[in-house]
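# Examining the three-dimensional arrangement
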Number of protein chains: 2
Amino acid sequence: MIRITRETDYGIVLMTTMARDANPPYSAAALAKQRGLPLPMVSKILKALARAGLLLSQRGALGGYSLARRPEAISAADIIDALEGPIAITECSVADLHACLHEENCAVSGHWHQINSVIRAALKGVNLLDLSRPPAAPVAFWRQRAAAEPVHLVNNS
Amino acid sequence: MIRITRETDYGIVLMTTMARDANPPYSAAALAKQRGLPLPMVSKILKALARAGLLLSQRGALGGYSLARRPEAISAADIIDALEGPIAITECSVADLHACLHEENCAVSGHWHQINSVIRAALKGVNLLDLSRPPAAPVAFWRQRAAAEPVHLVNNS
DNA sequence: ATCAATTGGTACTGGATTGGTACTATTTGG
DNA sequence: CCAAATAGTACCAATCCAGTACCAATTGAT
């Protein structure tokens, strides 16, 4: 299954939360409580988002985080990049091409780059404003890993 | 980083290998040797692909695997589905929506489905024939996890 | 000035996932 | 009837990830 980490998942939830009601700054504690997420995680994620320039941070009492740009100017790709590094579907989509150990055997070559580009385009096409406004048919979002038996995934092909 | 497992990566290499020179059937051992991959892994992957209907298996002496359909009729999405279950970028893209533990907190909702669809479309648009024919500028493919220091990924945005 | 709230940074840990192996059963051509 | 090959299952070790803990730095309020 192609997937992003839960950290990124949380990150998007936090960003959308901040985008929805504009009343900055938001402390990590407030956001954690509002969304029911573990505070240390939230803190860690916000820090990363601030370092990436997506959030502005204000230290000290009454401090907190606020969006660095308008929601329309922040894409899903931005958030994912900030939290897990640039998007790449396989490890071979790297700059350092000659480090590949299977180089002489590998003939699949550059097509993954093409796929990566399309995926990136898709993610860049979705911005925070879109994400913070519920679509026509709102649905549940995550499911905890706790799910004991194999989750039956939907094949929306 | 959005990613697929190495198993899937191997699977695509194996499929492209079989698509390139049509001389079936291929034994797991022959494919493993040709690509320099560990035989047990190759065997496991081929089994999964056969179970998914992408390969035909022939038991016994002189047996092996062969493509079940023409290369043009097998997409990257097919292979990924076969090896890691249906594609979903987050765990919430599941059918069983009401199982979501954060239901009342989650407002990001259905947009990921949209993104998933686009990604699926991208992967369905690439077939085995494409993948088995090197593109204009062939490049190396994987890099072993061994890479000690943080890989500097290319941000092809 | 001092305190308390808040971000910043780093290091650690338990558990899940993944990559890979081993062993045995089954099928089938020679 | 043997050897080659797939089929199935169980297992192990290394890695990665989610989450925690701790302390330093900053800053508004009193």
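The structure this text deals with has already been given above.
Conventions and cut-offs
- Residues numbered from 1 in each chain as written.
- Chains lettered and ligands numbered in written order.
- Predicted model: local features only at pLDDT ≥ 70, side-chain atom pairs only at ≥ 80, totals over all residues.
- Heavy atoms only, no water.
- Helix = DSSP H or I, 4+ residues; strand = E, 2+ residues; numbered from the N terminus.
- Contact = heavy atoms within 4.5 Å.
- Areas by Shrake-Rupley, 256 points an atom, 1.4 Å probe, with all protein chains shown as cover.
- Near = heavy atom within 4 Å.
- Polar contact = N/O pair within 3.5 Å; in protein donor to acceptor, adjacent residues only side chain to side chain.
- Axes fitted to C-alpha atoms, helices over the stretch in contact; angles between N-to-C directions.
- Parallel < 35°, antiparallel > 145°, perpendicular 65-115°, else oblique.
- Nonpolar A, V, L, I, M, F, W, Y, C, P; charged D, E, K, R; others polar.
- Salt bridge = Lys/Arg side-chain N within 4 Å of Asp/Glu carboxyl O.
- Buried < 20%, exposed > 50% of the residue type's maximum accessible area, 1.4 Å probe, protein only.
- Pairing = 2+ DSSP bridges.
- Core = buried A, V, L, I, M, F, W, Y, C linked by side-chain atoms within 4.5 Å.

Along its length, chain A carries six helices and two strands. Contacts in chain A between residues at least 24 apart in sequence constitute 63% of all its contacts with a sequence separation of at least 6. For chain A, the accessible surface area stands at approximately 7500 Å², while carbon and sulfur atoms represent 55% of it.

What follows is about the protein's contact with DNA strand C. Of all residues adjacent to DNA strand C, which total 24 residues, the nearest are A:K47, A:S57, A:R59, A:Y65 and B:R6. Within 4 Å of the protein, the contacting atoms of DNA strand C are drawn from sugar and phosphate to the extent of 70%. The contact in question runs from a base nitrogen of DNA strand C to an N or O atom on the side chain of A:K47, over 2.7 Å. A:G60 places a polar main-chain atom, nitrogen or oxygen, 3.4 Å from a sugar or linking oxygen of DNA strand C.

Before going further, it helps to examine the packing of helix α1 (residues 6-20) of chain B against helix α3 (residues 39-51) of chain B. Two quantities define a packed helix pair, namely the angle between the helix axes and the distance between the axes. All names here are of chain B. Between α1 and α3, the least distance of the axes is 10 Å, while the angle of their chain directions is 80°. As summarised for this structure, α1 and α3 are arranged roughly perpendicular, according to the angle between their axes. The residues of α3 that touch α1, namely those facing E7, Y10, G11, L14 and M15, are M41, V42, K44, I45, L46 and L49. When its residues are assigned to classes, the contact of α1 with α3 shows eight nonpolar, one polar and two charged.

Turning our eyes to something else, we now look at the protein's contact with DNA strand D. Near DNA strand D there are 27 residues, and of these A:R6, B:K47, B:S57, B:R59 and B:Y65 occur at the shortest range. A share of 76% is what sugar and phosphate atoms reach among the atoms of DNA strand D within 4 Å of the protein. One nitrogen or oxygen atom from the side chain of A:K44 is found 3.1 Å from a base nitrogen belonging to DNA strand D. In the environment of DNA strand D, a base oxygen lies 3.4 Å from a nitrogen or oxygen atom belonging to the backbone of A:G60.

Enumeration according to the criterion identifies six salt bridges over all chains in this entry. Two residues, A:D78 and A:R69, come together in a salt bridge whose shortest N-O distance is 3.2 Å. We classify A:R69 as partly exposed; its relative accessible area is 36%. A salt bridge links B:E72 to B:R70; its shortest N-O distance comes to 2.9 Å. B:E72 gets classed as partly exposed once you look at its relative accessible area, which sits at 36%.

All names here are of chain A. Bridge analysis of strand β1 (residues 55-58) against strand β2 (residues 64-67) gives four bridges, and the strand direction is antiparallel. From the neighbouring strand, L55 faces β2, where its bridge partner is L67. The loop that links β1 with its antiparallel partner β2 comprises five residues; one of these, G60, has a positive phi angle of about 80°.

This brings us to the environment of A:K47. Residue and element names in this part refer to chain A. Tracing the backbone shows K47 in helix α3 (residues 39-51). When its relative accessible area of 45% is taken as the criterion, K47 is described as partly exposed. Remark: the alpha-carbon pair of K47 and A122, spanning 75 residues in sequence, is separated by 26 Å.

Ranked by size, the top nonpolar core spans 66 residues in total, and within it A:M15, A:L55, A:I79, B:M15, B:L55 and B:I79 carry the most contacts. Ignoring any residue separated from it by four or fewer positions in sequence, one finds B:M15 in contact with B:L49, B:L54, B:L55, B:L67, B:I74, B:I79 and B:L128.

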